[in-house]
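# Residue-level structure breakdown
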There are 2 protein chains.
Amino acid sequence: MSQRIVFIGAGNLATRLSLELKKQGCTIVQVFSRTESSAVNLAQKLQARSTTSPDDIMPDADVYFVALKDSVIDDVLTQIDFRNRLLVHCSGSLPLSALKKYSANTGVFYPLQTFSKFREVDFKTIPVFVEACSKKNESILLQLAHQISEKVTVLDSEKRLFLHIAAVFSCNFVNHFYTIASDLLASQGISFEVVQPLIQETAIKVLYAEPQKAQTGPAIRFDENIISAHLKALDSFPEYREMYKEMSESIHKYYKFIYK
Amino acid sequence: MSQRIVFIGAGNLATRLSLELKKQGCTIVQVFSRTESSAVNLAQKLQARSTTSPDDIMPDADVYFVALKDSVIDDVLTQIDFRNRLLVHCSGSLPLSALKKYSANTGVFYPLQTFSKFREVDFKTIPVFVEACSKKNESILLQLAHQISEKVTVLDSEKRLFLHIAAVFSCNFVNHFYTIASDLLASQGISFEVVQPLIQETAIKVLYAEPQKAQTGPAIRFDENIISAHLKALDSFPEYREMYKEMSESIHKYYKFIYK
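Please read all numbers here as calculations on a predicted model, not as lab measurements.

In this section: the nonpolar core. The biggest cluster of nonpolar side chains holds 88 residues, and the ones touching the most others in it are Phe-169 and Phe-177 of chain A together with Phe-169 and Phe-177 of chain B. One finds Leu-42, Ala-43, Leu-46 and Phe-65 of chain B within the second-largest nonpolar core, a separate group that totals 34 residues.

Below you can see the structure in the form of structure tokens.
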């Protein structure tokens, strides 16, 4: 039987996840967002109702998905009476227990991916991690998860926290290095395009070998000539210079310790 | 007319580049490496001669490719008389001028990619940057570069240095973050596989949007709750904790400055 779902939040994750759940046969009945345009836009795509007022959130849905920035979750949820319906958050880092003051039926539904409103992703390959306060709720979430993904795992809050940290390193911090590369190239009038084959190959390589085996470059070779030339060139980018130094030292230390 | 080429070096880059040049019709006549097994192995694949002695390097080749770690280039090259034949290095960071004491005909041939002996790469898509001491030598290198790649550019030493730094950020430092993610997951008994879709999507995303537009995660949202939870969880990994903190501050600063 199809679940009737309310989405609380209309950001990147809420957008991609709600659209995918709908595509796979779920009924999204309402979207809440503090930003009216976000609520209306997403609700339109989902053929759902929209609201910006916590008081207007429908009381009779089966599952309430919370996809808000962690720091505002409490502000929003304290304004809603969930009548002990199944309340689920989508955060990597918030423990399941954070929801227990709002409902007797709680869960976590965490799809591990980077989401942007502008880009569709293939949910089938996205690992989804679920956790719930009871076997009954766990089974509802497992069923929802299996509707969209082929990689569903039950995982507790503490392990999920480390998973999220690993995701921050593998994605957010990686993308910041792409950004720094783009800035450095722009400073020389060179297009970011030139590093694209390198970026793609670096990512693809770790599909075939552990990252420890894929490490290349001046730091692992401890090629001091290159490292000093790079640090000197980075004199006019003091922040990037400092990062370069620390990353090189970390790489050097890591492989000295492991391989020597 | 096919060039007769000697390779000085038999590491990752020398291996992939020499095999590709041979595949595209060049004749590799000899491989020098200080490590006998490396010289012999690569020479065998190239149907070339091998040597570990600088004295035995053949004096009558057309082009000498130097693919050694920058810090040993001088040690090796001072032992060889190149008789002013075309001497080319493959380093991103070494200026062209570094070769002028060894020959009157010099050049640089820099394919921008991460190379491993174990993995074939498609050279056609790899940007190759060339530089030479004369138009005549430049044209020889351009011709060689066009034989293997569809993306050939003439670039001076200073710009190439920044290109190399951008490559270190986009590849070597990125791979170190993959490694850290792998370590953190292992500490929880979770397989590195779970972050693979995220890693691939993060790389693919910047093919479609500038990295500045693709940034997601707690740092850009300045989601302090999450950031503190992550820092606390990283208490037992002090080095990674420090990196997490600095990267998050850098991301936050970057987007505060640009978008606010």
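In this section: the interface of chain B and chain A. Taken together, the contacts link 94 residues of chain B with 94 residues of chain A. Each partner contributes to the roughly 8800 Å² buried at the junction of chain B and chain A, and carbon and sulfur atoms together form 66% of this total. Ranking the residues of chain B by area buried against chain A places Phe-162, Phe-169 and Leu-198 of chain B at the top, with a combined share of 8%. At the junction of chain B and chain A, the tally comes to 4 salt bridges. In this assembly, chain B and chain A are joined by 46 residue pairs in polar contact (both at pLDDT 80 or more). Looking at the side of chain B that touches chain A, the elements with two or more residues in it are helix 3 (70–77), strand 7 (127–132), helix 5 (157–187), helix 6 (196–208), helix 7 (211–214), helix 8 (218–221), helix 9 (224–233) and helix 10 (238–259) of chain B. When residues in the side of chain B that touches chain A are grouped by element, the largest group, 27 residues, is from helix 5 of chain B.

This next bit is on the packing of aromatic side chains. All names here are of chain A. One pass over the structure, following the stated rule, counts 25 aromatic pairs over all chains. Between Tyr-64 and Phe-82 the ring centres are 5.2 Å apart and the planes differ by 75°, which places this aromatic pair in the edge-to-face class. Taken together, the residues span a long stretch of sequence, with Tyr-64 in strand 4 (residues 63–66) and Phe-82 in the loop between helix 3 (70–77) and strand 5 (86–89) at a distance of 18 residues. Note on Phe-169 and Phe-173: the rings are 5.0 Å apart at their centroids and 80° apart in plane angle, and the pair reads as edge-to-face. Pair noted here: Phe-169 and Phe-173 are both in helix 5 (residues 157–187), with a separation of 4 residues, about one helical turn. With relative accessibility at 1%, the residue Phe-173 sits in the buried group.

The rules behind each value
Residues numbered from 1 in each chain as written. Chains lettered and ligands numbered in written order. Predicted model: local features only at pLDDT ≥ 70, side-chain atom pairs only at ≥ 80, totals over all residues. Heavy atoms only, no water. Core = buried A, V, L, I, M, F, W, Y, C linked by side-chain atoms within 4.5 Å. Buried < 20%, exposed > 50% of the residue type's maximum accessible area, 1.4 Å probe, protein only. Contact = heavy atoms within 4.5 Å. Buried area = accessible area lost by both parts, 1.4 Å probe. Salt bridge = Lys/Arg side-chain N within 4 Å of Asp/Glu carboxyl O. Polar contact = N/O pair within 3.5 Å; in protein donor to acceptor, adjacent residues only side chain to side chain. Helix = DSSP H or I, 4+ residues; strand = E, 2+ residues; numbered from the N terminus. Phe/Tyr/Trp six-rings, centres within 6.5 Å; stacked < 30°, edge-to-face > 60°.

Limitation: the analysis is restricted to geometry and does not speak to function.
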